[in-house]
Amino acid sequence: SDPRVINFAAGPAALPENVLLKAQSELYNWRGSGMSVMEMSHRGKEFLSIIQKAESDLRNLLAIPSDYSVLFLQGGATTQFASLPLNLCASSSDPADYVVTGSWGDKAFKEAQKYCNPSVVWSGKSEKYTKVPSFDGFEQNPHAKYLHICANETIHGVEFKDYPVPKNPNGVLIADMSSNFCSKPVDVSKFGVIYAGAQKNVGPSGVTIVIIRKDLIGKAREVTPVMLDYKIHDENSSLYNTPPCFGIYMCGLVFDDLLAQGGLEEVERKNQRKAKILYDAIDESGGFFRCPVEKSVRSLMNVPFTLERAELEGEFIKEAAKEKMVQLKGHRSVGGMRASIYNAMPLAGVEKLVAFMKEFQARHA
Ligand code: PMP
């Protein structure tokens, strides 16, 4: 029988099985080099070919315009919370706007308070982070250096389906896409910076991808640590210091796989289909299962839900685990359940969860 579980973890999360098997087959001796990728010099021709292909495949996938740089960094998306104001604001009094649709947007805002003068232009906190505002429903600072959003809130399951435009004509839109990166096509030209930790949709933890419009590079404040300065990484093609080589290699295998699947339009179609059957099962349960998120902004990636009879949640999670469906517990800050159904979650995994939900409900009717 299949030794693998159906992994609904929010991140690190499931990776495509064919990618894992490919990495396994190349682990000991990468393509006749006599070395594992983990043993290669990051400046050798073998690794250079790996990082260059990863970048060019990512550029293809997202149709990244040539006036954008792609950086493979470390420190997680959390490090970007500080890098952004340090690189884009000339002083700690420069304003920046944050739309806060969940915990991650809130964390980004709080970190920025150390390095610039950010404002929360809209917060969904009082409505328990179940909404995205209408874009004329909040007032932007016309001098804000940037407008920051979290494109998909991993904990609350709230996803932007469209993007606001910065009011400042010299400002830029910045998105944390950690949990929906490469899950659908995105018009990169609408953004000044897109950033994402790899460990949900495109690889293992340890790699952070930054896509940045080139004219925004080279303006870091003097106090900016060298590892946070986009210019240093850009000038050195992400090889200023030792990069997370194996992680970048894994991301490259995932990008290759996404292209082979037909690119992000096809990937989005699959993700929509998976999300629809899960949300339908919740909405058609007569209130037995509930998803608090407003329908128009429900995430295709992270599906939070609760049981009307909250006392059954422990049993639900335990019994699901017996059927090899794991990591369904909601984030500790919100409780309930959460099914993360990133690119690598097969349709059959979601179908199995939905069948289990129906059977569980029938038993507890
Ligand atoms: N932003 C979002 C949307 C996330 O989901 C996460 C991680 N769960 C982070 C930021 C933080 O990322 P990291 O752990 O890579 O620093």
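All values reported here derive from a predicted model rather than from experimental measurement. (Residues numbered from 1 in each chain as written. Predicted model: local features only at pLDDT ≥ 70, side-chain atom pairs only at ≥ 80, totals over all residues.)

**Things to note about the nonpolar core**
The biggest cluster of nonpolar side chains holds 111 residues, and the ones touching the most others in it are V193, I209 and L278. In terms of residue count, helix 6 (residues 245-260) provides more of this core than any other element does, ten residues in total. (Core = buried A, V, L, I, M, F, W, Y, C linked by C-beta atoms within 7 Å. Buried ≥ 20, exposed ≤ 12 C-beta atoms within 10 Å, placed from the backbone. Helix = DSSP H or I, 4+ residues; strand = E, 2+ residues; numbered from the N terminus.)

**Side note on the pairing of strand 10 (residues 208-213)**
For strand 10, the buried fraction is high: five of the six residues fall into the buried class. When strand 9 (residues 193-197) meets strand 10, the two strands line up antiparallel, connected through five bridges. Within the sheet, the bridge partner assigned to G197 lies in strand 10 and is T208. (Pairing = 2+ DSSP bridges.)

**Section: the UniProt feature "domain: Aminotransferase class V" (unreviewed entry) in the chain**
UniProt records the feature "domain: Aminotransferase class V" (unreviewed entry) for residues 6-353 in the present numbering. With 32% helix and 17% strand, residues 6-353 has end C-alpha atoms that lie 9 Å from one another. (UniProt positions renumbered as here; feature names shortened; annotations may be inferred.)

**Considerations on helix 6**
Spanning 16 residues, helix 6 covers 23 Å between terminal C-alpha atoms, matching the ideal 22 Å at 1.5 Å per step. Turning to helix 6, its buried residues number three or more, namely C245, F246, G247, I248, Y249, M250, C251, G252, L253, V254, F255 and L258. Packed against the buried residues of helix 6 are helix 1 (17-26), helix 2 (45-62), strand 2 (68-73) and helix 7 (264-283). Once helix 6 ends, the next one or two residues include G262, with phi positive near 110 degrees. (Expected span 1.5 Å × (residues − 1). Contact = placed C-beta atoms within 7 Å.)

**Focus on the packing of helix 2 against helix 6**
Where helix 2 meets helix 6, the axes come as close as 9 Å, and the angle between the chain directions of the two elements is 40 degrees. Overall, the two elements helix 2 and helix 6 adopt an arrangement that is oblique. For the pair helix 2 and helix 6, the crossing hand works out as left-handed. Together, F47, I50, I51, K53, A54, D57, L58, N60 and L61 of helix 2 and C245, I248, Y249, C251, G252, F255, D256, L258 and L259 of helix 6 make up the contact between the two elements. When grouped by side-chain class, the residues that make up the contact of helix 2 with helix 6 number 13 nonpolar, two polar and three charged. (Axes fitted to C-alpha atoms, helices over the stretch in contact; angles between N-to-C directions. Parallel < 35°, antiparallel > 145°, perpendicular 65-115°, else oblique. Left-handed = near helix turned anticlockwise from the far one by under 90°. Nonpolar A, V, L, I, M, F, W, Y, C, P; charged D, E, K, R; others polar.)

**Quick word on unusual backbone geometry**
Following G11, the chain continues to P12 via a peptide bond in cis, the omega torsion being -5 degrees. You can see P12 is positioned in the loop between strand 1 (6-7) and helix 1. Look at A63: it is not a glycine, yet its phi comes out positive at around 45 degrees. The topology assignment puts A63 in the loop between helix 2 and strand 2. For Y129, which is not a glycine, the phi torsion comes out positive at approximately 55 degrees. By secondary structure assignment, the location of Y129 is in the loop between strand 4 (117-123) and strand 5 (146-150). Look at Y129 and you get buried, because 25 C-beta atoms sit within 10 Å.

**Describing the pairing of strand 2**
For a regular strand, side chains alternate in direction, first toward one face of the sheet and then toward the other. Among the six residues in strand 2, six count as buried, and that is most of the element. Neither face of strand 2 is left uncovered, since the one carrying Y68, V70 and F72 and the one carrying S69, L71 and L73 both have all their residues buried. Two strands pair when backbone bridges link them, and strand 2 and strand 10 are joined in this way by six bridges, in the antiparallel orientation. Each residue of the ladder has a partner; that of L73, found in strand 10, is T208.

**Things to note about the site of the ligand**
If you check the shell around the ligand, you find G11, G76, A77, T78, W104, C150, T154, D176, S178, S179 and G197 and nothing else. Here the element with the most residues in the shell around the ligand is helix 3 (residues 76-88); it accounts for three residues. Class assignment of the residues belonging to the shell around the ligand gives a composition of three nonpolar, seven polar and one charged. (Near = placed C-beta within 6 Å.)

**Comments concerning the sheet that holds strand 5**
Strand order across the open sheet formed by seven strands is 2-10-9-8-5-3-4, with mixed pairing between neighbours. A single partner strand is all that each edge strand has here, and the edge strands are strand 2 and strand 4. Ignoring which end each strand starts from, the neighbouring axes of this sheet average 15 degrees apart. Note: strand 8 (residues 172-176) against strand 9, three bridges, orientation parallel. Residue pairing in the sheet places D176 in a bridge with Y195 of strand 9. Sheet strands in contact with helix 4 (residues 103-112) are strand 3 (95-100), strand 4, strand 5 and strand 8, and its direction is about 160 degrees off that of strand 3.

**Examining helix 3**
With 13 residues, helix 3 extends 19 Å from end C-alpha to end C-alpha; this agrees with the ideal 18 Å at 1.5 Å per step. Among all positions of helix 3, only A77, Q80, F81, S83, L84, P85, L86, N87 and L88 are buried.

**Some thoughts on the environment of A144**
Within the fold, A144 resides in the loop between strand 4 and strand 5. In this structure, the C-alpha to C-alpha distance between A144 and N236, residues 92 residues apart in sequence, is 30 Å. Contact partners of A144, with chain neighbours within four places excluded, come to P95, A96, D97, P166, N168 and G171.

**Focus on the sheet that holds strand 11 (residues 289-290)**
With antiparallel pairing, the three strands of this open sheet are ordered in space as 11-12-14. Where the open sheet ends on each side, the last strands, each with one partner, are strand 11 and strand 14 (337-340). Bridge analysis of strand 11 against strand 12 (residues 302-307) gives two bridges, and the strand direction is antiparallel. Residue pairing in the sheet places R290 in a bridge with T306 of strand 12.

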